[in-house]
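# Topology and contacts: notes
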Amino acid sequence: MSGTTPEASLPATLRWQISGVAIAYSAEGDGDLRLPTARQAWLAGQGVTQRCVLPRQVHGCRVVDAQASAAELAQADGVVSADATLALGVYGADCPALVLIAPDALGVAHCGWRGTAKGIVAALVTALARLSAHPPAAWCGLIGPGISGSRYEVDAPVLGARDWPLAALRPGRPGHAFLDVPEAVAADALACDVGAITRSGVCTAGDARLWSYRRRGAGQVQALVAWRQPE
């Protein structure tokens, strides 16, 4: 099933470089990235010297500008900016992040099943389009680590939250199905005419380096951060 990666082929590092933008994902050993000390230490280790803006995340579909107030960021699941001096990020344990890269702007959103059902991908595209002089077809992006479809069996309330792309579903137990959220995110990005999307292929439930809510229960969270590299 698409979005599933055998453990034998896991990437050695959780870092990507796309169109002049560096993207990094923390590991369990880096600690709970919601804690300022852990976050600052990890960002410094990744070479992120810019101010990093992360929304609080409420499993919704609100996307705000990185210059928004703290109150607005506390109610958002995505951020966008045309300021190349800022790094943008989101937290996650099994929910993948979507990074969208325009030549003149950047956006990142937390794409759990709830946000994806509510339209977080389209909201991110709309917010980024307000900042960019380039159409979505000229953009590219990355779907970060998240739980893969083969490990994510869901029940009727999740299945009924929206019309999920058929490619994102596989039969499970009666009243259940396996949901590939990264596949749904990719399909939504394609429907919004985004030019090219890369998938990390990293399953949080299958990678021993990462904390997975589905595998281990509530606990710490990782962070995905994207920032432009100096030219």
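Preceding this paragraph is the structure being described.
The structure reproduced in this document is the subject of the present report. Computed from a predicted model, the values in this text were never measured in an experiment. (Residues numbered from 1 in each chain as written. Predicted model: local features only at pLDDT ≥ 70, side-chain atom pairs only at ≥ 80, totals over all residues. Heavy atoms only, no water.)

### Regarding the pairing of strand β9 (residues 140–143)
The side-chain alternation of β9 yields two buried faces, one formed by Cys 140 and Leu 142 and the other by Gly 141 and Ile 143. When strand β7 (residues 97–102) meets β9, the two strands line up antiparallel, connected through 4 bridges. Residue pairing in the sheet places Val 99 in a bridge with Leu 142 of β9. Bridge count for β9 against strand β13 (residues 196–199) is 4 bridges, and the pairing is parallel. Across the sheet, residue Ile 143 finds its bridge partner in β13, namely Arg 199. (Buried < 20%, exposed > 50% of the residue type's maximum accessible area, 1.4 Å probe, protein only. Helix = DSSP H or I, 4+ residues; strand = E, 2+ residues; numbered from the N terminus. Pairing = 2+ DSSP bridges.)

### Focus: the layout of surface pockets
The calculated volume of the largest pocket comes to roughly 480 Å³. Lining the largest pocket are 22 residues, and of these His 59, Asp 94, Cys 95, His 110 and Tyr 213 sit closest to its centre. Mapped by element, the contributors of at least two residues to the lining of the largest pocket are β6 (86–92), α3 (113–118) and α7 (213–216). When its residues are assigned to classes, the lining of the largest pocket shows 12 nonpolar, 5 polar and 5 charged. (1 Å grid on protein atoms, 1.4 Å probe; cavity = no way out; pocket = protein on both sides within 12 Å on 5 of 7 lines; lining within 4 Å. Points joined across faces, edges and corners; volume = space filled by probe spheres on them. Nonpolar A, V, L, I, M, F, W, Y, C, P; charged D, E, K, R; others polar.)

### A closer look at the sheet that holds strand β11 (residues 169–171)
Strands sit in the order β10-β12-β11 across an open sheet of 3 strands; the sheet is antiparallel. The open sheet terminates on both sides in strands that have one partner only, identified here as β10 (153–154) and β11. Note that β11 and strand β12 (residues 177–179) share 3 bridges and pair antiparallel. Note that in β12 the partner of Arg 170 across the bridge is Phe 178.

### Remarks on the packing of aromatic side chains
The description of two aromatic rings rests on the distance between their centres and on the angle between their planes. Enumeration according to the criterion identifies 0 aromatic pairs in this entry. The residue whose ring lies beneath Arg 170 is Phe 178, and the NZ or CZ to ring-centre distance is 4.4 Å. Seen from the ring of Trp 211, Arg 216 lies directly overhead, with NZ or CZ sitting 3.9 Å from the centre. (Phe/Tyr/Trp six-rings, centres within 6.5 Å; stacked < 30°, edge-to-face > 60°. Lys NZ or Arg CZ within 6 Å of the ring centre and 35° of its normal.)

### Remarks on empty space enclosed by the protein
In the structure shown here, the tally under the stated rule is 2 cavities of 30 Å³ or more. The volume enclosed by the second largest cavity comes to roughly 50 Å³. Looking at the lining of the second largest cavity, the elements with two or more residues in it are β6 and β14 (222–228). Per element, the largest residue contribution to the lining of the second largest cavity is 3 residues, and it comes from β6. A breakdown of the residues in the lining of the second largest cavity according to their chemical character gives 9 nonpolar, 3 polar and no charged.

### Structural notes on unusual backbone geometry
If you check the backbone angles, Gln 57 has positive phi at about 85° while not being a glycine. Tracing the chain through its elements places Gln 57 in the loop between β3 (51–53) and β4 (63–65). Residue Gln 57 is classed as buried on the basis of its relative accessible area of 15%. We note that Asp 193 has phi near 70°; this positive angle belongs to a residue other than glycine. As for its position among the elements, Asp 193 is in the loop between α6 (181–191) and β13.

### Observations concerning the sheet that holds β9
Reading across the sheet, the 6 strands line up as β4-β5-β8-β7-β9-β13 and stay open at both edges, with mixed pairing between neighbours. In this open sheet, the two edge strands, each paired with only one partner strand, are β4 and β13. Strand-to-strand twist across the sheet, computed as the mean angle between neighbouring axes with direction ignored, equals 15°. Direction of pairing for strand β5 (residues 78–81) relative to strand β8 (residues 105–110): antiparallel, over a ladder of 4 bridges. Among the inter-strand pairings, Ser 81 is bridged to a residue of β8, identified as Leu 106. In the packing of α6 onto the sheet, contacts are made with β7, β9 and β13, and the angle to β13 comes to roughly 170°. (Axes fitted to C-alpha atoms, helices over the stretch in contact; angles between N-to-C directions. Contact = heavy atoms within 4.5 Å.)

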